[in-house]
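Per-entry structural report
The primary structure of each chain is shown beneath.
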Amino acid sequence: MAPVRATVQAVPLVATAIVMLDAATDFFPDAPLVGVITPVRLAVPAGPVATAVTAPRLATFRTRLDPAIALLLLGAVATTYVGGHPGAPLRALMTALAAFYLLVGIRRAQPESWRAVAPLAAAAVAAAATSAFAQVTNEVPTGFCRTGLFTDVDCDSGGPGSMIRATGTFANPNLLAAFLVLLTPIALLTAVTVAERTARVAVVSVGLVGYGEVLTTFSRAGCVAAAAGLLVLGGAY
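Please read all numbers here as calculations on a predicted model, not as lab measurements. (Residues numbered from 1 in each chain as written. Predicted model: local features only at pLDDT ≥ 70, side-chain atom pairs only at ≥ 80, totals over all residues. Heavy atoms only, no water.)

A positive phi angle is found at Asp26, which is not glycine, with a value near 55°. Residue placement: Asp26 occurs in the loop between α1 (2–25) and α2 (39–54). The class of Asp26 is partly exposed, set by a relative accessible area of 39%. (Helix = DSSP H or I, 4+ residues; strand = E, 2+ residues; numbered from the N terminus. Buried < 20%, exposed > 50% of the residue type's maximum accessible area, 1.4 Å probe, protein only.)

A separate point is the nonpolar core. Grouped together as the largest cluster of nonpolar side chains are 24 residues, with contacts concentrated most on Met20, Ala128, Leu176, Phe179, Leu180 and Leu183. Contributions of two or more residues to this core are made by α1, α5 (114–137), α6 (173–188) and α8 (197–216). Per element, the largest residue contribution to this core is nine residues, and it comes from α5. Dropping the residues within four chain positions of it, Met20 is found in contact with Val117, Leu120, Ala121, Ala124, Phe179 and Leu183. With eight residues, the next largest nonpolar core counts Val19, Ala43, Val44 and Ala99 among its residues. (Core = buried A, V, L, I, M, F, W, Y, C linked by side-chain atoms within 4.5 Å. Contact = heavy atoms within 4.5 Å.)

This part takes up the state of the cysteines. All told, the structure shown has zero disulfides when counted by the stated rule. Free cysteine Cys223: the closest other cysteine sulfur is in Cys145, separated by 16 Å. A relative accessible area of 27% means that Cys223 is categorised as partly exposed. (Disulfide = S-S within 2.5 Å.)

Another aspect to go through is the packing of α6 against helix α9 (residues 220–236). Interaxial distance between α6 and α9 falls to 9 Å at its minimum, and their mutual angle equals 15°. Compared by their axis directions, α6 and α9 come out roughly parallel. As for the relative orientation of α6 and α9, their crossing is right-handed in sense. Residue-level contacts link Ala177, Val181, Pro185 and Leu188 of α6 to Gly222, Ala225, Ala226 and Leu233 of α9. (Axes fitted to C-alpha atoms, helices over the stretch in contact; angles between N-to-C directions. Parallel < 35°, antiparallel > 145°, perpendicular 65-115°, else oblique. Left-handed = near helix turned anticlockwise from the far one by under 90°.)

The structure is reproduced here in structure tokens:
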């Protein structure tokens, strides 16, 4: 039974790796395998199911955000089916919520899992941030530009003074900023898992690149959230 249990416990970690790397790089194909089931949508539910097998308690997945998530999901369902809107946004929301509970479940059922999740976050941040950095340094038009701090303009008509808003591997700069704000603090936890000093320097460098790329998105909310996150991270440290 021990090998079977170990295999089942590995499923949530594999699913987490798929979610993080695909979010950062769009590595897996978006084309559905069957119906609307894509590789990511196949992997995401497998994680919570495997966690429920090894830790069959409701408390494993319960959070303080559950009422707000239920209202959000109810509103999305009503908007989709009562309002007659396409179902793709609802499916994307359900995938994101499943990924949230995947991480909640693996953290509760396997407390030491952060030692695996942190390096995954570091790899995801490095992929997304370096892609965004390349856009800025090579002046690759992203379709999103800004003149000054508050004026958004089209990159084709912004003029010589316009600044490119990095999108990295995401659809728009705000999504990139949100991704980096959420994942970079987790990526920095990798420094705790390594004993060698130069390895820690490398991890901190990835974190600095991640936070630096938040600035290149010119996302005001992203910059405020990143600053708040750094304060919380410093206080916790």
